[in-house]
Amino acid sequence: MAQNETTLPTTEEEWRVRLSPDEFRVLRQAGTEAPWSGEYVSTKTEGMYECRACGAALYPSDYKFDSHCGWPSFDDAIPGAVKEIDDYSHGMVRTEIRCARCDSHLGHVFRGEQMTAKNTRHCVNSLSIKLDPKSA
């Protein structure tokens, strides 16, 4: 059983205790928050975006860009911070992104849209991340 905030839960019931119902639905059940509803869609604050479930660093704020898609978008992740999984749900093929540390659902990655120089968009649920603002 998870003992503290740095110990990762080992069961879904332990995750359910640690996370809010909405966080659990998105992070552990691969749900999606409604477009334009997340707290980080338009945020410009400098800092590090971390996994809301386990605290792992995922995205520096300077990787974030305005994609106008309704969810926070990043053109890359910290190397090794996320893993990609083929997602065949909803009658289409997409690439799901999950936290490499705790296997929580973050969102999906899209390539070839010509939105950034890296030609990549990590479309992430605000409920999957937490911003640690840069100290002044």
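About the criteria used
- Residues numbered from 1 in each chain as written.
- Predicted model: local features only at pLDDT ≥ 70, side-chain atom pairs only at ≥ 80, totals over all residues.
- Heavy atoms only, no water.
- Helix = DSSP H or I, 4+ residues; strand = E, 2+ residues; numbered from the N terminus.
- Rg over C-alpha atoms; globule rule 2.2 N^0.38 Å.
- Buried < 20%, exposed > 50% of the residue type's maximum accessible area, 1.4 Å probe, protein only.
- Contact = heavy atoms within 4.5 Å.
- Areas by Shrake-Rupley, 256 points an atom, 1.4 Å probe, with all protein chains shown as cover.
- Lys, Arg positive; Asp, Glu negative; His and termini not counted.
- Charge placed at Lys NZ, Arg CZ, Asp CG, Glu CD.
- Pairing = 2+ DSSP bridges.
- 1 Å grid on protein atoms, 1.4 Å probe; cavity = no way out; pocket = protein on both sides within 12 Å on 5 of 7 lines; lining within 4 Å.
- Points joined across faces, edges and corners; volume = space filled by probe spheres on them.
- Nonpolar A, V, L, I, M, F, W, Y, C, P; charged D, E, K, R; others polar.
- UniProt positions renumbered as here; feature names shortened; annotations may be inferred.
- Phe/Tyr/Trp six-rings, centres within 6.5 Å; stacked < 30°, edge-to-face > 60°.
- Lys NZ or Arg CZ within 6 Å of the ring centre and 35° of its normal.

Chemist: Can you walk me through the overall build of the chain in this structure?
Modeler: Within the chain, the secondary structure is distributed over two helices and nine strands. By the compact-globule yardstick of 14 Å for 136 residues, the chain fits well, its C-alpha radius of gyration being 14 Å. Within the chain, the fraction of its 136 residues that count as buried is 46%. Counted over contacts in the chain with a minimum sequence separation of 6, partners at least 24 positions apart contribute 49%. Surface accessibility of the chain: about 7,400 Å² in total, with carbon and sulfur atoms responsible for 50%. In the chain, 16 side chains carry a positive charge and 21 a negative one; their mean positions are 0 Å apart.

Chemist: When you look at the sheet that holds strand β3 (residues 64–65) in this model, what are you seeing that I'm missing?
Modeler: Two orientations exist for strands paired in a sheet by backbone hydrogen bonds: parallel and antiparallel. Ordered by their spatial adjacency, six strands build an open sheet running β3-β4-β8-β7-β6-β5, and the pairing between neighbours is antiparallel. The sheet is open, and its two borders are formed by β3 and β5 (82–87), each paired with just one other strand.

Chemist: Whenever I open this one, the side chain of Ser61 confuses me. Can you help?
Modeler: Within the secondary structure, Ser61 sits in the loop between β2 (57–60) and β3. Residues within four places of Ser61 in sequence aside, it is in contact with Thr45, Glu46, Gly47 and Tyr49.

Chemist: Quick question: what am I supposed to make of the layout of surface pockets here?
Modeler: Unfilled space is identified by rolling a water-sized probe across the atoms. Taken as a whole, the largest pocket spans an internal volume of roughly 220 Å³. Forming the walls of the largest pocket are 15 residues, and the residues nearest its centre are Thr32, Arg94, His105, Gly107 and His108. Listed by contribution, the elements that provide at least two residues to the lining of the largest pocket are β6 (94–99), β7 (105–111) and β8 (120–124). Residue contributions to the lining of the largest pocket peak at four residues, all from β7. Among the residues making up the lining of the largest pocket, the classes are represented as five nonpolar, seven polar and three charged.

Chemist: I would appreciate a short explanation of the pairing of β8 in the present structure.
Modeler: Consecutive side chains along a regular strand alternate between the two faces of the sheet. Of all five residues in β8, five are buried, a share of seventy percent or more. Burial of β8 is two-sided: the residues Thr120, His122 and Val124 facing one way and the residues Arg121 and Cys123 facing the other way are all buried. Relative to β8, strand β4 (residues 73–74) is paired through two bridges, and the arrangement is antiparallel. What sits directly across from Ser73, in β8, is Cys123.

Chemist: What is the right way to look at the UniProt feature "domain: MsrB" (unreviewed entry) in the chain in this model?
Modeler: Per the UniProt annotation, the sites labelled "domain: MsrB" (unreviewed entry) are residues 12–134. Overall, residues 12–134 shows 11% helix and 34% strand. The separation of its end C-alpha atoms is 32 Å.

Chemist: Explain the packing of aromatic side chains to me, please; I cannot follow it from the model alone.
Modeler: How two aromatic rings sit relative to each other is set out by the distance from centre to centre and by the angle between their planes. Scanning the entire structure with this criterion turns up three aromatic pairs. Between the aromatic rings of Tyr40 and Tyr49, the centroid separation amounts to 5.4 Å while the plane-to-plane angle is 85°, which identifies the pairing as edge-to-face. Between Tyr59 and Phe74 the ring centres are 4.2 Å apart and the planes differ by 15°, which places this aromatic pair in the stacked class. In this pair, Tyr59 sits in strand β2 while Phe74 sits in strand β4, placing the two residues 15 residues apart along the sequence. When its relative accessible area of 0% is taken as the criterion, Tyr59 is described as buried. Ring pairs connect the aromatic residues Tyr40, Tyr49, Tyr59 and Phe74, which therefore count as one cluster. Note that Lys118 overlies the ring of Tyr63, its terminal NZ or CZ placed 5.3 Å from the centroid.

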